[in-house]
Amino acid sequence: MANLAVEVAGVAFKNPIIPASGVFGYGREYEKLFPLSKLGGIATKGTTGQPRPGNPAPRIAETPSGMLNSVGLQNPGIDAFLERELPNLLTKDTVILANIAGSTIDECVSIAEKLDETDVHMIELNISCPNVKKGGAAFGVHCDSAEMITAAVRKATKKPLIVKLSPNVTSITDIAKAVESAGADAVSLINTLLGMRINIENRRPILRNNVGGMSGPAVFPIAVRMVWQTAQAVSIPVIGMGGVSSGADAIEMMMAGASAVQVGAAIFTDPYASVRIVDEMNDWLDSHNIASVQEIIGTVQPW
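All values reported here derive from a predicted model rather than from experimental measurement.

Novice: Help me understand the overall build of the chain, please; the structure alone is not making it clear to me.
Specialist: When helices and strands are tallied, the chain shows 8 helices and 16 strands. Relative to the compact-globule value of 19 Å for 303 residues, the chain shows a C-alpha radius of gyration of 18 Å, a close match. Seen through its principal axes, the chain has C-alpha atoms that stretch 55 × 50 × 45 Å. Counting across all 303 residues of the chain, residues that qualify as buried make up 54%. Carbon together with sulfur atoms contributes 52% to the accessible area of the chain, which is approximately 13200 Å² in total. Placing the 24 positive and 29 negative side-chain charges of the chain at their respective mean positions leaves the two points 8 Å apart.

Structural data, given as structure tokens:
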């Protein structure tokens, strides 16, 4: 058996595989299928300051080799998360990444302050949310706003801080360097790509929100490219995600420079995807006589 243990921002993971935020809920449904302790970590459903009902349906649509979603951060709010979900998650012998989001910097700071008083292992800050005080543009699409919200959350918590980056930008490496300079301990990427489908019979968008985030195997090459570029641009760890569906995909993502890998849309078609990927990674490493998964991180050799 290969050694699958990795470390991100000083936090030890038994293996590099983490179900991504928004696809795994709080793990309650999945622990009926397998022990959550088999996972390297769990990124929780995005949590906001107050409960959110999410966007009206339809809010998920299939696309070739992927899916669109506009769920809209449906969640019970930080207080309910702290009372009902986090205590249960912390008993599962795996790393818990609390994913947080907000429409203002103050909202994100308030959530981070509350999490700082808990035993959660890491905070993952989603900066793909619209900044309502600046015309609705996402925090993560400009270096100055990305740096500003990261710096504010950094001051609010001593927890290891991961910043989740949007691919809907001109230069993701510039955004990554901005959040690194503001105190991020790691970055995770990529979040979903903005997409749209139209029902040609009624000439309406398939999603009630008109547009949504695209994920799944179709975005994997884009994610690998962005992880590779970002890993070369920053000195903090990179957590890769975007279309990972197999152990081979996870190995490829780590060769591009990722220290750990999140799995998203694949879980919708295979609830066992995360644990299957762990096993497939181990088999690949064993077959190549590689003792530790850390030996492959960032080993791609560009032409």
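Moving on from the model shown.
Novice: Just to check I follow, could you spell out the sheet that holds strand β6 (residues 66-69) for this structure?
Specialist: Sheet strands line up and pair through hydrogen bonds in the backbone, either parallel or antiparallel. Spatially, 4 strands are ordered β5-β6-β14-β11 in an open sheet, and the strand pairing comes out antiparallel. In this open sheet, the two strands that pair with only one neighbour each are β5 (60-63) and β11 (193-195). On average, adjacent strands in this sheet sit at an angle of 35° to one another, irrespective of strand direction. As paired elements, β6 and strand β14 (residues 212-215) share 3 bridges and run antiparallel to each other. Directly across from N69, in β14, lies its bridge partner G213.

Novice: Help me understand the state of the cysteines, please; the structure alone is not making it clear to me.
Specialist: Two cysteines joined by a covalent bond between their sulfur atoms form a disulfide. One pass over the structure, following the stated rule, counts 0 disulfides. Free of any disulfide, C143 has its nearest neighbouring cysteine sulfur in C108, separated by 18 Å.

Novice: Would you take a moment to explain the pairing of strand β9 (residues 161-164) for this structure?
Specialist: A regular strand places its side chains on the two faces of the sheet in alternate fashion. Going residue by residue along β9, you find L161 and V163 tucked away on one face and I162 and K164 tucked away on the opposite face as well. Direction of pairing for strand β8 (residues 122-126) relative to β9: parallel, over a ladder of 4 bridges. Each residue of the ladder has a partner; that of L125, found in β9, is V163.

Novice: Got a minute to help me understand the pattern of salt bridges in this structure?
Specialist: When their charged atoms lie close together, side chains carrying opposite charge are able to pair. According to the stated counting rule, one finds 9 salt bridges in the structure shown. One salt bridge connects D79 with K114, and the closest N-O pair in it is separated by 2.9 Å. One end of the pair, D79, is in helix α1 (residues 78-89); the other, K114, is in helix α2 (residues 105-116), and 35 residues separate them in sequence. By relative accessible area, which is 46% here, D79 ends up partly exposed. Owing to a relative accessible area of 31%, K114 belongs among the partly exposed residues under this scheme. For D185, the salt bridge is made with R154, and the minimal N-O distance between the two is 2.6 Å. Here R154 lies in helix α3 (residues 143-156) and D185 lies in the loop between α4 (172-181) and β10 (186-189), a separation of 31 residues in the sequence. Judged by its relative accessible area of 27%, D185 is partly exposed. Overlapping salt bridges, with partners in common, bring together D270, R276 and E280 in one network.

Novice: Help me understand the nonpolar core in this model?
Specialist: Soluble, globular proteins show a tendency: their nonpolar side chains are buried together. I127 and L165 are the most contacted members of the largest nonpolar core, which has 89 residues in total. Every residue in contact with I127, bar those within four places of it in the chain, is listed here: A138, F139, G140, A146, I149, V163, K164, L165, I175 and V179.

Novice: So what exactly am I meant to see when it comes to helix α6 (residues 247-255) here?
Specialist: Given 3.6 residues per helical turn, the α-helix brings residues three or four places apart onto the same face. Among all positions in α6, only G247, D249, A250, I251, M253 and M254 are buried. In the core, the buried residues of α6 are packed alongside β1 (6-8), β3 (17-19), α5 (220-233), β15 (238-240), β16 (260-263) and α8 (273-287). Looking at the residues trailing α6, positive phi occurs at G257, about 130°.

Novice: Please explain unusual backbone geometry as it appears in this structure.
Specialist: With the exception of glycine, the majority of residues adopt a negative phi angle, and the majority of peptide bonds are in the trans configuration. Between A57 and the following residue, P58, the backbone shows a cis peptide bond with an omega angle of 0°. Looking at the secondary structure, you find P58 in the loop between β4 (41-43) and β5. The backbone phi angle of A9 is positive, close to 55°, even though this residue is not glycine. With a relative accessible area of 27%, A9 lands in the partly exposed category. Residue D93 is not a glycine yet carries a positive backbone phi of 55°. Along the chain, D93 turns up in the loop between α1 and β7 (95-100).

Novice: Can you walk me through a nonpolar patch on the surface in this structure?
Specialist: A cluster of nonpolar side chains, M196, I198 and I200, forms an exposed patch at the surface whose accessible area comes to about 320 Å². Within the secondary structure layout, M196 lies in the loop between β11 and β12 (198-199). Of the residues examined, M196 reaches a relative accessible area of 44% and is grouped as partly exposed.

Novice: I keep staring at the sheet that holds β9 and nothing clicks. Help me out?
Specialist: Reading across from one edge, β3-β16-β15-β10-β9-β8-β7-β4 is the order of the 8 strands in this open sheet, with parallel pairing throughout. In the strand order of this sheet, the two ends are held by β3 and β4, each with one partner. Neighbour-to-neighbour, the strand axes of this sheet turn through a mean angle of 25°, independent of strand direction. α2 rests against β7 and β8 of the sheet, and its axis sits at about 155° to β7.

The rules behind these values
- Residues numbered from 1 in each chain as written.
- Predicted model: local features only at pLDDT ≥ 70, side-chain atom pairs only at ≥ 80, totals over all residues.
- Heavy atoms only, no water.
- Helix = DSSP H or I, 4+ residues; strand = E, 2+ residues; numbered from the N terminus.
- Rg over C-alpha atoms; globule rule 2.2 N^0.38 Å.
- Buried < 20%, exposed > 50% of the residue type's maximum accessible area, 1.4 Å probe, protein only.
- Areas by Shrake-Rupley, 256 points an atom, 1.4 Å probe, with all protein chains shown as cover.
- Lys, Arg positive; Asp, Glu negative; His and termini not counted.
- Charge placed at Lys NZ, Arg CZ, Asp CG, Glu CD.
- Pairing = 2+ DSSP bridges.
- Axes fitted to C-alpha atoms, helices over the stretch in contact; angles between N-to-C directions.
- Disulfide = S-S within 2.5 Å.
- Salt bridge = Lys/Arg side-chain N within 4 Å of Asp/Glu carboxyl O.
- Core = buried A, V, L, I, M, F, W, Y, C linked by side-chain atoms within 4.5 Å.
- Contact = heavy atoms within 4.5 Å.
- Patch = residues over 30% accessible without salt bridge, like charges linked within 9 Å, V, L, I, M, F, W, Y side chains within 5 Å.

Taken by themselves, the reported measurements are silent on function.
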